[in-house]
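Spelled out, the chains give:
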Amino acid sequence: MRNRIVASEGASTYITGICAASLLGNAFVRIMVGKVGGFAGLSIIDWVVYALMQVAFVGIVFIMGVWRKYDPIKVSRLRPSTNWKQYILLPFIAIFTIMTFLPLADWFAQLLYLIGYKGSGVAMPGFDNVGIYFLALLIMAILPAFGEELLCRGMLQTGLNTRGVAFGVFISAFLFSFMHANPLQTIHQFGLGVVLALVYILSGSLLPCILLHFLNNFITLTISAYIP
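Below or above, wherever it landed, is the structure these notes cover. No experiment lies behind these values; they were computed from the predicted model shown.

Rules used throughout
What you see as residue numbers is a count from 1 along each chain, following the sequence as written. Where local features are concerned, this predicted model is filtered to residues with pLDDT of at least 70; where side-chain atom pairs are given and counted, the filter is 80 or more; whole-chain, interface and lining totals use all residues. Calculated side-chain values reflect all of the structure's heavy atoms, with hydrogen atoms and water omitted. Under the DSSP-based scheme used, a helix requires at least four consecutive residues in state H or I and a strand at least two consecutive residues in state E, with every element numbered from the N terminus. What makes two residues a contact is simply this: any of their non-hydrogen atoms within 4.5 Å. Here, nonpolar core means buried Ala, Val, Leu, Ile, Met, Phe, Trp, Tyr and Cys residues that are tied together by side-chain atoms lying within 4.5 Å of each other. Each residue gets one of three labels from its accessible area relative to the maximum for its type: buried under 20%, exposed over 50%, partly exposed in between, using a 1.4 Å probe on protein chains only. Residue count minus one, scaled by 1.5 Å, sets the expected span of a helix. An arc is given here, and it is the one of the directions from the helix axis to the C-beta atoms.

### Things to note about the environment of Leu 211
Argument step 1. Tracing the sequence through the fold places Leu 211 in helix H8 (residues 207–226).
Argument step 2. As for Leu 211 and Asn 3, which are separated by 208 residues in sequence, their C-alpha atoms are 23 Å apart.
Argument step 3. Excluding its chain neighbours within four sequence positions, the residues that come into contact with Leu 211 are Tyr 87 and Leu 90.

Here you go:
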């Protein structure tokens, strides 16, 4: 099996992953029509769809690998980085990224509201107990860190980098932001996408990106839960 992919293969895997996640989520919504309950301030549909999206991303990566005859593990460089110092830097990079791009995201949100945008941010559960917090950590931090990084950095960026590193970094960051489908997240997710893309290139491994993505989600989720 091949250890490399080209830009068209990375892009087709990304598009197929997004479509599969949408179809899987919509199918579950149709099944649950009339049976929807709520849990911790979110509907059951929200909880399950969050998880199904990541399952779809990972599944499509491996299905496309079988179809196109490449090894997703080797292509995505899903192996530990040999430089342990990189892992020490990750919490500082996560904090720097949040402190840099979150204020910009807030300003952009104010601009959107000023011109009449009526949308809202990411729906968060009510953190009434520590069990809900850890469930949210699994669904909203751990699973997206793996699924989205495998799709966007491991496949999409790897393919796009064959057209040039700068092209791969910025287009993958733009599409990473686009996949979240929320204008209020655009600036922060694009900035995070650029940082993750650079970490992927400099570390030569997907694992630091997964950990950095998790730290970003973990910090923002914890702030939402315990710092009103």
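### Details of the side chain of Thr 158
Argument step 1. Tracing the chain through its elements places Thr 158 in helix H5 (residues 130–160).
Argument step 2. Beyond its immediate stretch of four places on either side in the chain, Thr 158 contacts Ile 5, Val 75, Arg 153 and Tyr 200.

### Considerations on the nonpolar core
Argument step 1. Formed by 33 residues in total, the largest nonpolar core has its most connected members in Met 179 and Leu 212.
Argument step 2. Looking at this core, the element that brings in the most residues is H5, giving seven residues.
Argument step 3. Leaving out residues up to four positions away in the same chain, Leu 212 has contacts with Leu 90, Ile 93, Ala 94, Val 195, Leu 196 and Val 199.
Argument step 4. Leu 42, Phe 127, Leu 137 and Ala 141 belong to the second largest nonpolar core, which has 14 residues in total.

### So, helix H6 (residues 165–179)
Argument step 1. The first and last C-alpha atoms of H6 sit 21 Å apart over 15 residues, in line with the 21 Å expected at 1.5 Å per residue.
Argument step 2. Looking only at H6, the buried set comprises Gly 168, Val 169, Ser 172, Ala 173, Phe 176, Ser 177 and Met 179. An end-on view of H6 places all buried positions within 160 degrees of arc, on one side of the element. In H6, the exposed residues that point more than 90 degrees away from the buried face are Ala 166 and Phe 178.
Argument step 3. Once H6 finishes, Ala 181 follows within two positions and takes phi at roughly 55 degrees, a positive value.

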